[in-house]
Amino acid sequence: MESVLNNVFPPKEPKPKWLRVKLPTGKKYTELRGLVDKYKLNTICTSGSCPNMGECWGEGTATFMILGNVCTRSCGFCGVKTGRPETVDWDEPEKVARSIKLMKIKHAVITSVDRDDLKDMGSIIWAETVKAIRRMNPNTTLETLIPDFQGNERNLDRIVAVAPEVVSHNMETVKRLTREVRIQAKYERSLEVLRYLKQQGIKRTKSGIMLGLGETEEEVIQTLHDLKEANVDIVTIGQYLQPSKKHLPVKEFIKPEQFEKYEKIGKELGFRHVESGALVRSSYHAEKHIH
């Protein structure tokens, strides 16, 4: 959900060379881009100008956002609008399922805004979306990148019941910075959500953090230990990029060798998959995380 890379940096500060991205190309990308534009399909890949869009689409993976595009939370890192969300669209599950069918997506990642305004926090639409995708696309595998649902077990149980191949919930940052970066979220609550999902039988759990917000190496390593203690299977680590001047500034551009170090530590801790690099986003290489 981050802005086009070209708009992130002030003109006087050159981009670090490791953050330069090639424009997406290829037959599969061109074909999918045409479908998205023609049918006005809502993918986070396009609306978030993800740097990995070409690569993911080439692998038959795409990310879709449900429950509107206005969030009830106002996290300091996120480019999604904050305010009073629109009424729930109960036809949305079918629309998303049709989009996946049109795009011939092999592995779909579903995410959403936070809907603290709803009694069920959106969990019913979440479950119905998974069911609709399964009906219309029986061979498509799924990852659900869920909000914390305020830690409500009844809402989490709705996700557990439809059994996506991967259930993901992002920590986003280290414990010390959580209040500043995520505002309405709680570090321990997010860990508890991940722990609960695993306890209820979810086969693969996953979480992600962003770097460059002022965290220390020691804090990142502690977060990895905390995630491992919560029995998380997959971790993604990427560079934070400022969506607009209103959002939290980038404190540091993390060097590739530091990302490599975190990847090595993560693998030594025993995570099944660790994706660590400046351009890594939550759904990067998502199709590989089901194995």
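Below, the structure is looked at part by part.

### Things to note about the overall build of the protein chain
Consideration 1: Helices and strands together make up the secondary structure of the protein chain, namely ten helices and nine strands.
Consideration 2: Here the C-alpha atoms of the protein chain give a radius of gyration of 18 Å, agreeing with the 19 Å that 2.2 N^0.38 yields for 291 residues.
Consideration 3: Across its three principal directions, the C-alpha atoms of the protein chain cover 45 × 40 × 40 Å.
Consideration 4: Put simply, the protein chain has 291 residues, and 57% of those count as buried.
Consideration 5: Residue pairs in contact within the protein chain that sit at least 24 positions apart in sequence constitute 74% of those at least 6 positions apart.
Consideration 6: Accessible area for the protein chain stands at about 14000 Å²; split by element, carbon and sulfur atoms hold 51% of it.
Consideration 7: For the protein chain, the distance from the average position of its 47 positive side-chain charges to the average position of its 39 negative side-chain charges is 4 Å.

### Regarding the packing of helix α6 (residues 153-162) against helix α8 (residues 187-199)
Consideration 1: The contact between α6 and α8 brings their axes to 10 Å, and the two run at 45°. By the criterion of interaxial angle, the relationship of α6 to α8 is oblique. Read as a crossing pair, α6 and α8 show a hand that is right-handed. From α6, Glu 153, Leu 156, Asp 157 and Val 160 reach across to α8, where they touch Val 193, Tyr 196 and Leu 197.
Consideration 2: For the contact of α6 with α8, the residue count by class is five nonpolar, no polar and two charged.

### A short note on the packing of aromatic side chains
Consideration 1: Evaluation of the coordinates by the stated rule reveals zero aromatic pairs.
Consideration 2: Its end group placed over the ring of Phe 271, Lys 228 keeps NZ or CZ at 5.5 Å from the ring centre.

### Thoughts on the packing of helix α4 (residues 92-103) against helix α5 (residues 123-136)
Consideration 1: Where α4 contacts α5, the two axes come as close as 8 Å, and the packing angle between them is 40°. Judged by the twist between their axes, the crossing of α4 over α5 is right-handed. Listed contacts from α5 to Glu 92, Pro 93, Glu 94, Val 96, Ala 97, Arg 98, Ile 100 and Lys 101 of α4 are Ile 125, Glu 128, Thr 129, Ala 132, Ile 133, Arg 135 and Met 136.
Consideration 2: Here the contact of α4 with α5 is built from residues that sort into eight nonpolar, one polar and six charged.

### Quick notes on the pattern of salt bridges
Consideration 1: This structure, assessed with the given rule, holds 18 salt bridges.
Consideration 2: For Asp 117, the salt bridge goes to Arg 115, with nearest N and O atoms at 2.9 Å.
Consideration 3: Taking the relative accessible area as the measure of exposure, Asp 117 reaches 41% and is therefore partly exposed.
Consideration 4: In this structure Arg 115 comes out as buried when scored by relative accessible area, which is 3%.
Consideration 5: Ionic pairing is found between Arg 134 and Glu 165, a salt bridge with its closest N-O pair at 3.3 Å. Linking Arg 134 in helix α5 with Glu 165 in the loop between α6 and β6 (166-168), this pair joins segments that are 31 residues apart in sequence.

### Here's the deal with the sheet that holds strand β1 (residues 61-66)
Consideration 1: Here we have seven strands laid out as an open sheet, ordered β1-β4-β5-β6-β7-β8-β9, and parallel in their pairing. Among the strands making up the open sheet, the edge pair consists of β1 and β9 (273-276). Taking each pair of neighbouring strands and ignoring which way they run, the sheet shows an average axis angle of 20°.
Consideration 2: Sitting on the sheet, α4 touches β1 and β4 (107-112), and the angle it makes with β1 is about 165°.

### Side note on unusual backbone geometry
Consideration 1: Phi at Met 121 is positive, roughly 55°, even though this residue is not glycine.
Consideration 2: The residue Met 121 is located in the loop between β4 and α5 in this model.
Consideration 3: Judged by relative accessible area, which is 11%, Met 121 ranks as buried.
Consideration 4: At Asn 231, a residue that is not glycine, the phi angle is positive and equals roughly 65°.
Consideration 5: Along the polypeptide, Asn 231 turns up in the loop between α9 (217-229) and β8 (234-239).
Consideration 6: Residue class for Asn 231 comes out partly exposed when judged on its relative accessible area of 45%.

### A look at helix α10 (residues 256-269)
Consideration 1: End to end, α10 covers 20 Å across 14 residues, agreeing with the expected 20 Å (1.5 Å per residue, within 8%).
Consideration 2: Among the residues of α10, those classed as buried are Phe 259, Tyr 262, Ile 265 and Gly 266. Taken end-on, α10 shows its buried residues confined to a sector of 120°, consistent with a single buried face. Facing away from the buried side of α10, by more than 90 degrees, are the exposed residues Glu 260, Lys 264 and Glu 268.
Consideration 3: Contacts from the buried residues of α10 go to β7 (204-211), α9, β8 and β9.
Consideration 4: Just beyond α10, the residue with positive phi is Gly 270, at close to 105°.

Reading the values: rules and limits
- Residues numbered from 1 in each chain as written.
- Predicted model: local features only at pLDDT ≥ 70, side-chain atom pairs only at ≥ 80, totals over all residues.
- Heavy atoms only, no water.
- Helix = DSSP H or I, 4+ residues; strand = E, 2+ residues; numbered from the N terminus.
- Rg over C-alpha atoms; globule rule 2.2 N^0.38 Å.
- Buried < 20%, exposed > 50% of the residue type's maximum accessible area, 1.4 Å probe, protein only.
- Contact = heavy atoms within 4.5 Å.
- Areas by Shrake-Rupley, 256 points an atom, 1.4 Å probe, with all protein chains shown as cover.
- Lys, Arg positive; Asp, Glu negative; His and termini not counted.
- Charge placed at Lys NZ, Arg CZ, Asp CG, Glu CD.
- Axes fitted to C-alpha atoms, helices over the stretch in contact; angles between N-to-C directions.
- Parallel < 35°, antiparallel > 145°, perpendicular 65-115°, else oblique.
- Left-handed = near helix turned anticlockwise from the far one by under 90°.
- Nonpolar A, V, L, I, M, F, W, Y, C, P; charged D, E, K, R; others polar.
- Phe/Tyr/Trp six-rings, centres within 6.5 Å; stacked < 30°, edge-to-face > 60°.
- Lys NZ or Arg CZ within 6 Å of the ring centre and 35° of its normal.
- Salt bridge = Lys/Arg side-chain N within 4 Å of Asp/Glu carboxyl O.
- Pairing = 2+ DSSP bridges.
- Expected span 1.5 Å × (residues − 1).
- Arc of directions from axis to C-beta.

Treat this as a map of the structure, not an account of what it does.
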